[in-house]
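Listed below are the residues making up each chain.
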Amino acid sequence: MGVNTMDQAAVTRVKEAIAERTNGALLSATQPHADTLRFVIDKTAMRAAVLALVDKLQARFLISVGTDERPLTGNFAILHLFSLDREQLYVLLESFVSEQDPKIESITEIIPGANWAEREYRDAIGVHPDGHPDPRRLLLADDWPEGMFPLRKDFPYNYQPPPSENARPQMREPPAGASVIPIGPFFPVLEEPADWRLFVEGETIVGCDTRIFYNHRGIEKLGDSVLTYNEIPYLAERICGICGFIHSTCYCQALEKAAGIDVPRRARYIRTIMLELERIHSHLLWLGIAGHIIGFDTVLMQTWRIREPVMWLCEEISGNRKTYGMNTCGGLRRDLPDQIKPRLFETLAEVEKEVIALRNAVIGDTTLHARTRGVGVLTNEWAKKICAVGPPARASGVAIDARIDHPYAAYDEVPPRIATQEAGDTWARVLVRVAELLDSIRLVREALSAMPPGPICAEIKEEIPPDRVGVSVVEAPRGEAVHFVQTGGDNRPYRWRVRAPTYPNLQAMPAMVAGANIADVPITLGSLDPCFSCTERLETVDRRTREVRVYSSAELLEMSRKKARGGGVR
Amino acid sequence: MTAGLIKIFLLCLLNAAAALFLSPLFEGIMRKLRAGIHSRIGPPITQPYWDLLKLLGKEDLGSTGGAVYAAMPAITLGSVLLLAALVPMGGPAPLAFAGDLIVVLYVATMSSVLIMLIGFASASPYASIGGSREMMMLLSVEPILAIALVTGAFKAKTLALGGIVDWQVQNGPSISMAIAGVAFFLALQAVAGKLPFDMAEADQEIMGGSLVEQSGPRLALLRWAMWAKQLVFAFLLVEVFFPWPHFGTYLADLLATTVKVLVVLVLVMVIDVVNPRLRIDQAMGYFMRVGVSSLAALAFAVIGK
């Protein structure tokens, strides 16, 4: 199953490297799939094994998975997932951690990009990464009680902790002499709540701190406690409002791999077409928003006008502009009727024409250059260290693309052309995305022409066996999405792990703004009130009595809840 | 004597009223144009009037206090109306006197200084960034306006705006005044707060800058002041630097001037629509270059071209 040009020598090389460095701590080495190697090692040898992978084999860290396997083995399992891009291999390094001593060596010192992943398994199942440079809370809300780990199997999915007062994130203090400019938690050009605190010295950013995960919805917990295999694609599709199909495809592929389901060729082609259509409308959306952020609303209006027919195409194919609900385990629920092909080609030609016109207008715009060239530089070295993915990585000269490194769907037959740039600045990222936009149009066209007839969904006769693992990556418009599925009983995964592309890319942000010249932020901001964005309390004055009344945050919360409830009844 | 004063007073009122009640219309036309280039239908051209009406009727949240602070928007609008009385708008300036050029230069900066002060008086960090950006823009643009007008004064050998206009009408175009006019036009883009120079407001960066804490009637007055300002400055540009054709009859001249003002504002809007926002350092560098180039106007004036 799957597409892979397996290189047996590479497999041997990986096995030897790990066995050599772990010095007898290697407990087992298996190959669950042709492209997946799984090593179980003693937890004391984790760093050594990771070093072997990173130093000797240039492995790229994907994500860590923390699983509560106490019902199965009596231990927690910590699994670090790596990709060997050139060899088209996934490597799983797994260690067991006992409940009595819930600690494991941190690997963030070796791989800076593992920072959040390690904090996340600590928050979720309570295994502490020993020696982590920044062990602050990441995933859980600030008012979540200590010592409660939501991804443990004995933790109910619908538990509501008691409300707490005055919870606030642990933020770093600015360096001496620097002042803080808050961007967020709510800010006009941020689509989601994210709290960035920029430390500014004169006109230069000297550092920044961030608190995100305000939107955490507990999706992984639902996946392994409430939903079944075939319900999860619809939830996965709702992980993202733009690249929903990417996540449902990625989940389905991981499960199909774990369960050994062979997806029909036609379904693979339709998946490819939908994925590329998503890239087209996502890149157009991004270009527009990027224009809007620097005040170039003409670009916003024009790109979104060009984008609209693509949305109509998606609606014609799936019934929805977004959130298509087409994916299911084993293939698709809905075919792409041949009679709409001519209209697809027609719209694509139109969109292509307009995108080329847009590209020519954008590329020659000197004011645009002034705002993007040399701005937010991500160096090639740091891009690799922080494990950046997608256009940010490719714009920094890291030639990785999940469609090429781990071919899925029909990308083996309609291969993409990878677009890279070396500069690593915002302009380079614009160029990469514009190139991908045009390549995606070509891919949809080629996939439409080459699409074979046949069934669109594999028949699944037997129950999916437990304790199988499957890893899948999908190149989303923002970069590579990773899904990991470990099958369980009860017709649902034992563990489903999702890593969105923004997860590693956001971690590159501090390095990208460090030392940046923000001539627009003057030193007068020393007068900044650090409590500016916290609505911790509100003061009101009664006009008649001149009486001052101070509402606490709890009262305000209660008032707003009352109002919300009132609105609901109406 | 008294009759003369009353006449001047009435003419001042007329200019102020024109600035007040025509500026939303010009803003509406500019919005419509922007919408056209965006492939949008856009709001009706009367929309700015409705915006003002709506804002005037809304609650003033008064998030930052102080009586002087509260009065600032009205003073800002007042300063622009005073400028309108000093500037010829289709006819001679009502408040014309020997040396009024100096007064015009001072009054022209008042609104920017006031908006800057509003920013600094506000408790919001975004407003103080906006205030400081406003200040930097003022410092970059003001010399250009001064050089351009002084070129006119040098050519006409008078410090009265009316005298410069008369000289222009009699002597026709000259190289120095053409250069000065172009420099003034480039500065107008920043004076009007239009892209690529709207960084003092920059919604996406600092959420409106100085205006972030303004609401209701106060916001209405500030918006109104900005619209009136761009209109008055467009009149100033057209009257001083491009006064031809001069018909000598009041109505024909008024019509010609208004059409030219419309053309100027349309150009301002087209530049606005096809540009992203510059960073403040880039804008300052740009105006530095414009300022140095505009010195050429003075040089040409000295050699009599």
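Since this is a predicted model, take the numbers as computed values, not measurements.

Caption draft 1: How the structure looks around the overall build of chain B. Each helix and strand counted, chain B has eleven helices and zero strands in total. Along the chain direction, N to C, the helices and strands of chain B fall in the order α-α-α-α-α-α-α-α-α-α-α. Relative to its full complement of 305 residues, chain B shows a buried share of 50%.

Caption draft 2: Structural detail: the overall build of chain A. Summing up its helical and strand segments, chain A has 18 helices and 17 strands in all. Among the 570 residues that make up chain A, the fraction classed as buried is 44%. Here the analysis covers contacts within chain A between residues at least 6 apart in sequence; of these, 65% occur between residues at least 24 apart.

Caption draft 3: Main features of the environment of A:P452. All names here are of chain A. With respect to the helices and strands, the residue P452 is situated in the loop between helix 15 (426-450) and strand 13 (469-476). Judged by the 11 C-beta atoms lying within 10 Å of it, P452 is exposed. Residues P452 and P466, spaced 14 residues apart in sequence, show a C-alpha to C-alpha distance of 33 Å. The contact partners of P452, leaving out residues within four places of it in the chain, are R265 and R266.

Caption draft 4: Seen up close, the interface of chain A and chain B. Tallying the contact residues gives 28 residues for chain A and 29 residues for chain B. For the side of chain A that touches chain B, the elements supplying multiple residues, two or more each, are helix 8 (265-293), helix 9 (297-318) and helix 11 (366-372) of chain A. Among the elements that make up the side of chain A that touches chain B, the one with the highest residue count is helix 9 of chain A (five residues). Class assignment of the residues belonging to the side of chain A that touches chain B gives a composition of 15 nonpolar, eight polar and five charged.

Caption draft 5: Highlighting the domain arrangement of chain A. Assigned domains of chain A: these are domain 1 (8-170), domain 2 (219-513) and domain 3 (537-569). Computed over C-alpha atoms only, the centres of domain 2 of chain A and domain 3 of chain A are separated by 45 Å.

Caption draft 6: Region of interest: the confidence of the model for chain A. Looking at chain A as a whole, its pLDDT mean stands at 84, while 89% of the residues score no less than 70. Between residues 518-546 of chain A, whose pLDDT stays under 50, and residues either more than four places distant or in other chains, the model counts 55 contacts.

Caption draft 7: Summary view of the packing of helix 7 (residues 175-191) of chain B against helix 9 (residues 216-241) of chain B. Residue and element names in this part refer to chain B. Two elements in contact, helix 7 and helix 9, have axes whose closest approach is 10 Å; the angle formed by their N-to-C orientations is 175°. Comparing the axis directions of helix 7 and helix 9 gives the class roughly antiparallel. On helix 9, the residues that touch M177, A180, G181, F184, F185, L188 and V191 of helix 7 are K229, Q230, F233, A234, L237 and F241. A per-class count over the contact of helix 7 with helix 9 returns ten nonpolar, two polar and one charged.

Caption draft 8: Focus on the sheet that holds strand 10 (residues 204-211) of chain A. Residue and element names in this part refer to chain A. A sheet is described by the order of its strands in space; here three strands give the open sequence 8-9-10, paired in antiparallel fashion. Since the sheet does not close on itself, it has two edges, and those belong to strand 8 (179-183) and strand 10, each with one partner. Neighbour to neighbour, the strand axes of the sheet diverge by 25° on average, direction disregarded.

Caption draft 9: Focus on the nonpolar core. Counting residues in hydrophobic clusters, the biggest one holds 124 residues, and the most contacted among them are A:A49, A:L81 and A:V91. If you tally residues by element for this core, the top one is helix 8 of chain A, at eleven residues. Among all residues touching A:A49, those that are not within four sequence positions of it are A:I18, A:R21, A:T22, A:F39, A:I41 and A:L93. With 96 residues, the next largest nonpolar core counts B:F26, B:L81, B:A180 and B:W227 among its residues.

Caption draft 10: Region of interest: the sheet that holds strand 13 of chain A. Residue and element names in this part refer to chain A. Reading across from one edge, 13-14-15 is the order of the three strands in this open sheet, with antiparallel pairing throughout. For this open sheet the edge positions go to strand 13 and strand 15 (493-499), each flanked by a neighbour on one side alone. On average, each strand axis in the sheet is tilted by 15° relative to the strand beside it, whichever way the strands run. Strand contacts of helix 7 (residues 244-259): strand 13, strand 14 (479-487) and strand 15, with the helix running at about 150° to strand 13, the strand carrying the most contacts.

Caption draft 11: Region of interest: the environment of A:A514. Residue and element names in this part refer to chain A. Inspection of the secondary structure puts A514 in the loop between helix 17 (509-513) and strand 16 (537-541). Note on A514: 13 C-beta atoms within 10 Å, which makes it partly exposed. Dropping the residues within four chain positions of it, A514 is found in contact with I205 and G207.

Caption draft 12: A look at unusual backbone geometry. Across the junction of B:L195 and B:P196, the peptide omega takes the value 0°, indicating a cis bond. Relative to the elements of secondary structure, B:P196 occurs in the loop between helix 7 and helix 8 (203-206). For the peptide bond that leads from B:W244 to B:P245, omega is -5°, which places it in the cis range. Assignment of secondary structure puts B:P245 in the loop between helix 9 and helix 10 (250-273). Of note, A:N23 is a non-glycine position whose phi angle comes to about 55°, a positive value. When you line up the elements, A:N23 lands in the loop between helix 1 (8-22) and strand 1 (26-33).

Caption draft 13: Local environment of the confidence of the model for chain B. Within chain B, residue pLDDT values average 88, and 98% of them lie at 70 or more. For this predicted complex, the interface score ipTM comes out at 0.83, while the overall pTM is 0.86.

Caption draft 14: Summary view of the packing of helix 5 (residues 125-156) of chain B against helix 6 (residues 161-171) of chain B. All names here are of chain B. For the pair helix 5 and helix 6, the least separation of the axes is 9 Å and the interaxial angle reads 65°. When the interaxial angle is binned, helix 5 and helix 6 end up roughly perpendicular. Relative to helix 6, the crossing made by helix 5 is left-handed. Counted together, G152, A153, K155 and A156 of helix 5 and G163, I164 and W167 of helix 6 form the full contact between these two elements.

Caption draft 15: Molecular detail of the environment of A:Y251. All names here are of chain A. Looking at where Y251 falls in the secondary structure, it is placed in helix 7. Along the chain, Y251 and P185 lie 66 residues apart, while their C-alpha atoms are 30 Å from each other. Contact partners of Y251, with chain neighbours within four places excluded, come to I232, P233, A236 and H483.

Caption draft 16: Structural context of the pairing of strand 5 (residues 89-98) of chain A. Residues and elements named next belong to chain A. A large share of strand 5 lies buried, amounting to eight of its ten residues. Pairing of strand 2 (residues 36-41) with strand 5, which is carried by five bridges, proceeds in the parallel orientation. Across the sheet, residue R38 finds its bridge partner in strand 5, namely L92. In the sheet, strand 4 (residues 75-84) pairs with strand 5 via ten bridges, with the strands oriented antiparallel. Note on strand 5: the bridge partner recorded for L81 is L92. Where strand 4 folds back on strand 5, the antiparallel hairpin that results is connected by four residues, among which Q88 adopts a positive phi of roughly 55°.

Caption draft 17: Region of interest: helix 1 (residues 2-37) of chain B. Residues and elements named next belong to chain B. For helix 1, with 36 residues, the first-to-last C-alpha span of 52 Å sits near the 52 Å given by 1.5 Å per residue. Taking the largest bend as the criterion, helix 1 deviates by roughly 35°, centred on L22, and proline P24 comes between one and four positions later. Positive phi appears at S39, one or two residues downstream of helix 1, with a value of about 65°.

Caption draft 18: Looking closely at helix 2 (residues 46-57) of chain A. For helix 2 of chain A, with twelve residues, the first-to-last C-alpha span of 16 Å sits near the 16 Å given by 1.5 Å per residue. Just past helix 2 of chain A, the residue A:Q58 takes up positive phi, approximately 55°.

Cut-offs used in this document
- Residues numbered from 1 in each chain as written.
- Chains lettered and ligands numbered in written order.
- Predicted model: local features only at pLDDT ≥ 70, side-chain atom pairs only at ≥ 80, totals over all residues.
- Helix = DSSP H or I, 4+ residues; strand = E, 2+ residues; numbered from the N terminus.
- Buried ≥ 20, exposed ≤ 12 C-beta atoms within 10 Å, placed from the backbone.
- Contact = placed C-beta atoms within 7 Å.
- Nonpolar A, V, L, I, M, F, W, Y, C, P; charged D, E, K, R; others polar.
- Domains from an automatic or database assignment.
- pLDDT = per-residue confidence, 0-100.
- Axes fitted to C-alpha atoms, helices over the stretch in contact; angles between N-to-C directions.
- Parallel < 35°, antiparallel > 145°, perpendicular 65-115°, else oblique.
- Pairing = 2+ DSSP bridges.
- Core = buried A, V, L, I, M, F, W, Y, C linked by C-beta atoms within 7 Å.
- Left-handed = near helix turned anticlockwise from the far one by under 90°.
- Expected span 1.5 Å × (residues − 1).
- Bend = angle between axes of the 7 residues up to and from the residue.

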